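Coordinate inspection notes
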Amino acid sequence: MIELSGVSLRFTTYHDKYYSLKRACIDLFLRRETSNHSAFWALRDVSLGIARGERVGILGPNGAGKSTLLRVMAGIYPPTSGRLRVEGRVAPLIELGAGFNYELSGEDNVYLNGALLGFDRREMRARIDRIWEFSGLRQFAGLPLKYYSSGMLSRLSFAVATEVAPDILLLDETLSVGDASFKAKAHERIMSVIERSSVVILVSHDMTSLSKICTRGVWIDHGTIRRDGPIDEVIQAYTEEVGHSSPAAGSNHEIPTADAA
Amino acid sequence: MPQVFPPGGDALSGANWIGTIARDARDLYRFRAVLKNLVAQDFRLRYHRSVLGFLWTLLNPILMMAVLSVVFSQFFKFDNAGNYAIYLFSGLVPWSMLYATVSEGAICVIANEPLIRKIYIPKLVFPITRVLLNAATLVLSMGALFLLMVPLGARLTAPLLLLPLAITLFATFALGIALITATVNTFYRDFGHLLTVVLQAWYFATPIIYPVNTLPPEVAWRFWLNPAYPFIRFFQTIIHDGQWPSWALVCSSAGIAAVVLGIGYVTFKCYEDKLVFRL
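This report concerns the structure included in the present document. All residue numbers refer to positions counted from 1 along the written sequence of the respective chain. Following the order in which they are written, the chains are lettered starting with A and the ligands numbered starting with 1. The model is predicted, so local features are restricted to residues of pLDDT at least 70 and side-chain atom pairs to those at 80 or more, both for listing and for counting; the totals for chains, interfaces and linings are taken over all residues. Note that water and hydrogens are dropped before the side-chain values are worked out from all heavy atoms of the structure.

What follows concerns the side chain of Thr181(B). Residue and element names in this part refer to chain B. The topology assignment puts Thr181 in helix α7 (residues 163-187). The classification of residues rests on relative accessible area computed with a 1.4 Å probe and restricted to protein chains. Under 20% of the type maximum is buried, over 50% is exposed, and intermediate values are partly exposed. Judged by its relative accessible area of 4%, Thr181 falls in the buried class. Once residues within four sequence positions are removed from consideration, Thr181 is found in contact with Val102, Gly105, Ala106, Phe191 and Leu195. Each helix corresponds to a stretch of at least 4 residues labelled H or I by DSSP, and each strand to a stretch of at least 2 residues labelled E; elements are numbered beginning at the N terminus. Here, two residues are considered to be in contact whenever any of their heavy atoms come within 4.5 Å of each other.

What follows is the structure, given as structure tokens:
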């Protein structure tokens, strides 16, 4: 369902994001080489085929390109070279709150968010009751989003994102939502979405949840695939490596977070 | 429908514009609910804050036209001030649509950064939202202002039937320019300052506040160098003159609209993939 062949992504980082016409004219006039940006390869020649029913865990040190890979699969970053083919409805749970408009009411935002995930108004109307029920925000439905607390916001967007049944679910571990009681509910719900999705791709540092959820592991390092195979093998190889390697590699390994997924 | 990148498959990139257009049409159709939502929510934001929201947006053109008609009707050869007010109305209201679409279009990609960076969305949605929104505003304010113009001598005539055509062509033209400004402004953030000045100069170069027949005929042809001129003339002919426009006028409007939209589309598509990295 997902096919990447030789996908590379070159990131251009602009020292001065707000490059201006004024600067461009001065550079042209002074015959200055534009040194405004420097580039690095976030992904290099990644080839990966993921079939229906697979649960893929992506692991690797910070800054290895895990989240970038998810974003490429979600269609957010167009690859610099290589080919990409994604079949089916993709639900990216990469960052919560995508496409919220803070001036509008919670209800309007649910419809907008649903539309972004590929569900029209009618389909969302059938789901909105369950969304209010799950998020516990029914009495705030008419309130403009700017008056929501951050906990309420993340609950709402989590509820919308997990209410839909996607073909491909992209999950980033950094999703942590709400208070303890909500977290327990959220965990349960995420598991049920994972069950409903044909393909799940999970980025995490938490080895226990990775080995519990996933069937296949992909270890990414410096933008390339280091190892690809059954999850337990990959985890073992990865933990051995991390245990030995000195942090001189430049990538600081962080403590695995408890609230993965 | 599978998402494929590079979109053209094995075809030469850039060579297959028909394929690109077909793909965009499909993509936009798939995201029509998003488009509808974005237009509806902006529309609501613009008007529902205050009960008088819509009336407030009318107040600006009304006052503007009142001031201009009092001042300028002294200078130009119009039979009465009312006639001049209608002339002004027929050019000024469409112009404000162009102005709003182009200047909002310039910031539409930047303003939707949170959306673009978090989820896949065809970027064409944003300029199209701006043009739909402003075209809808144009229709509403034109209807309302026309009623106000009736005491001044505005009359329903048969050529007004061409108004939908005029609005469609002008909106197409505005979309083309908005696509260009959206692209340029995302790469060069100070383009906005320049744009304000350019739009102001363009406004004075177009016969909106002054009638074209006040100028000697030797120089009047130069207006045809102004791409907005045929559209404004179109509106003035059907609203103020109450006459059917000449075929030359209709065809030149349609031709310019198509060409500008084409240029805008190609510009936007060439840089679309790079936009997300410049946010």
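Moving on: the sheet that holds strand β8 (residues 216-221) of chain A. Residues and elements named next belong to chain A. In spatial order, the strands read β5-β6-β7-β3-β8-β9; together these six strands make up an open sheet with mixed pairing. Because the sheet does not close on itself, it has two edges, and the strands there are β5 (90-93) and β9 (224-230). Pairs of neighbouring strands in the sheet enclose a mean axial angle of 15 degrees, with direction left out of account. A strand pair is defined by DSSP finding two or more bridges across the two strands. Bridge analysis of β8 against β9 gives six bridges, and the strand direction is antiparallel. Bridging from a neighbouring strand, Ile220 pairs with Ile225 of β9. Lying over the sheet, helix α2 (residues 66-74) contacts β3 (55-59), β5, β6 (168-172), β7 (199-203) and β8, oriented at roughly 155 degrees with respect to β6. Its contacts with the sheet put helix α6 (residues 180-196) on β3, β6 and β7, and the angle it makes with β6 is roughly 145 degrees. Throughout, an axis means a line fitted to C-alpha atoms (over the contacting stretch in the case of helices), and angles, computed between N-to-C directions, take values from 0 to 180 degrees.

What follows concerns the layout of surface pockets. Residue and element names in this part refer to chain B. Note on definitions: the grid is 1 Å and covers protein atoms alone; a cavity is a set of points where a 1.4 Å probe fits but cannot get out; a pocket is an open set with protein on both sides within 12 Å along at least five of seven lines; lining residues have an atom within 4 Å of a point. Grid points are joined across faces, edges and corners, and a volume is the space filled by probe spheres set on the points. Each pocket or cavity is described by its volume, and for the second largest pocket that value is around 640 Å³. Asn60, Pro61, Leu92, Ser96 and Met97 are the residues nearest the centre of the second largest pocket, which is lined by 24 residues in total. Among the elements of the structure, α2 (32-47), α3 (53-72), α4 (81-111), α6 (125-149) and α8 (191-205) are those that each provide at least two residues to the lining of the second largest pocket. The biggest single contributor to the lining of the second largest pocket is α4, with eight residues. In this count, Pro and Cys sit with the nonpolar residues alongside Ala, Val, Leu, Ile, Met, Phe, Trp and Tyr, while Asp, Glu, Lys and Arg are called charged and the others, Gly among them, polar. In terms of residue class, the lining of the second largest pocket is made up of 15 nonpolar, seven polar and two charged.

Residues and elements named next belong to chain A. The buried fraction of β8 amounts to six of the six residues, a majority that puts the element mostly inside the structure. Burial of β8 is two-sided: the residues Arg216, Val218 and Ile220 facing one way and the residues Gly217, Trp219 and Asp221 facing the other way are all buried. Here β3 runs beside β8; their pairing, made up of four bridges, is parallel. Within β8, the position partnered with Leu59 by the bridge is Trp219. Joining the antiparallel neighbours β8 and β9 is a turn of two residues, in which His222 adopts a positive phi near 50 degrees.

Residue and element names in this part refer to chain A. Phi is positive for Asp45, which is not a glycine, with a value near 50 degrees. Looking at where Asp45 falls in the secondary structure, it is placed in strand β2 (residues 37-50). Phi at His222 is positive, roughly 50 degrees, even though this residue is not glycine. Note on placement: His222 falls in the loop between β8 and β9.

One speaks of a salt bridge when a side-chain nitrogen belonging to Lys or Arg is within 4 Å of a carboxyl oxygen belonging to Asp or Glu. Applying the stated rule across the entire model yields 17 salt bridges over all chains. Taken together, the shared-partner salt bridges in this structure form one network comprising Glu54(A), Arg216(A) and Asp228(A).

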